[in-house]
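Descriptive structure summary
As a plain string of letters, each chain reads:
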Amino acid sequence: MNHFNQVANDWDTPEKTQMMKELAKKTQKRLKLSQKIDIMDFGTGTGLFGLEFHPYLHTLTGIDTSQEMLNVFNKKTEAFSHIQSHQINLEDQSLASKFDLIISSMAFHHLQDPKKVLMKLKENLKQNGRIAIVDLDQEDGSFHPDNKAMGVKHFGFSKQELQYWAKQAKLNLDYQIINTLHKNETEYHQFLAIFY
Ligand SMILES: C[S@@+](CC[C@H](N)C(=O)[O-])C[C@H]1O[C@@H](n2cnc3c(N)ncnc32)[C@H](O)[C@@H]1O
């Protein structure tokens, strides 16, 4: 069974909720968001990151491969007609809709071919649209307790790799480290990469 389907109902802890709130705030500041726009949250999970964008939502489309994570997302959002979810895997399926902004947090390291997905997401952007990805900086594989069981395909991404993706996708890149996590007596960094 998909790891995220198993953990969905216990996913939202106070620690994760607080961390995603802070990461979302930093992302919004860097993006200089001011008006309501159409946003896709790729790998939205239970919506801890994406739903923090509520002041800026004309619409929010949360997409994810895990129906159980989306069930939690749907429970939180059922009263809001401008927020919807789709269970879809963009590694091998396509979505026709276009967005002003595509956001994603801690999902790209679960992808088989993240560069290919970035290029596909570019096709879902309106003119002057942007893609903002928060994920782990390159690490030694010790961040997750069990990489295989947790569906981890990449031990984070280096700045050089993100620059290569940008070049291949013919997009500009605004990159910064926005957070540092301490566990296993190790420091792990999280980056914000804005492709535009
Ligand atoms: C670590 S969770 C992060 C969830 C949420 N973005 C957050 O920050 O709280 C990773 C999410 O990516 C989703 N995911 C994994 N592979 C995916 C894929 N190919 N397409 C869309 N979502 C995917 C998982 O189901 C999971 O919900």
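The next point concerns the site of the ligand. Around the ligand, a shell composed of 20 residues is seen, among which M20, G43, D64, N89 and S105 lie nearest. The separation between an oxygen atom of the ligand and a polar side-chain atom of D64 is 2.5 Å. Residue classes in the shell around the ligand are distributed as 10 nonpolar, 8 polar and 2 charged.

Attention shifts here to helix α3 (residues 67–77). Within α3, the full set of buried residues consists of M69, L70, V72, F73 and T77. For α3, the buried positions fall inside an angular range of 155° around the axis, keeping them on one side. Tucked into the core, α3 has its buried residues touching α1 (3–7), β2 (57–64) and β3 (83–87).

Nonpolar side chains in soluble globular proteins tend to be buried together. I39, F49, F53 and L101 are the most contacted members of the largest nonpolar core, which totals 29 residues. Breaking this core down by element, the ones donating at least two residues are α2 (14–31), β1 (37–42), β2, β4 (99–105), β5 (125–136), β6 (173–183) and β7 (186–195). Of the residues forming this core, the biggest block, 5 residues, is contributed by α2. Ignoring any residue separated from it by four or fewer positions in sequence, one finds F49 in contact with M20, L23, A24, T27, D41, I103, S104, S105 and V134. Formed by 27 residues, the second largest nonpolar core is a distinct cluster that contains I102, L121, F191 and A193.

This part takes up the environment of D137. One can find D137 in the loop between β5 and α5 (159–169). Taking relative accessible area as the criterion, D137 reaches 19% and is therefore assigned buried. The spatial distance from the C-alpha of D137 to the C-alpha of G156 is 4.9 Å, given a sequence separation of 19 residues. When neighbours within four sequence positions are excluded, D137 is seen to be in contact with F155, G156, F157, S158, Y175, I177, H189, Q190 and F191.

It is at 10 Å that the axes of helix α4 (residues 114–122) and α5 come closest, and there the two elements cross at 45°. Relative to α5, the element α4 lies oblique. Note on packing geometry: the crossing formed by α4 with α5 is right-handed. Residues P114, K115, L118, M119 and K122 of α4 pack against Y164, W165, Q168 and A169 of α5. A breakdown of the residues in the contact of α4 with α5 according to their chemical character gives 6 nonpolar, 1 polar and 2 charged.

Definitions and cut-offs
- Residues numbered from 1 in each chain as written.
- Predicted model: local features only at pLDDT ≥ 70, side-chain atom pairs only at ≥ 80, totals over all residues.
- Heavy atoms only, no water.
- Near = heavy atom within 4 Å.
- Polar contact = N/O pair within 3.5 Å; in protein donor to acceptor, adjacent residues only side chain to side chain.
- Nonpolar A, V, L, I, M, F, W, Y, C, P; charged D, E, K, R; others polar.
- Buried < 20%, exposed > 50% of the residue type's maximum accessible area, 1.4 Å probe, protein only.
- Helix = DSSP H or I, 4+ residues; strand = E, 2+ residues; numbered from the N terminus.
- Arc of directions from axis to C-beta.
- Contact = heavy atoms within 4.5 Å.
- Core = buried A, V, L, I, M, F, W, Y, C linked by side-chain atoms within 4.5 Å.
- Axes fitted to C-alpha atoms, helices over the stretch in contact; angles between N-to-C directions.
- Parallel < 35°, antiparallel > 145°, perpendicular 65-115°, else oblique.
- Left-handed = near helix turned anticlockwise from the far one by under 90°.

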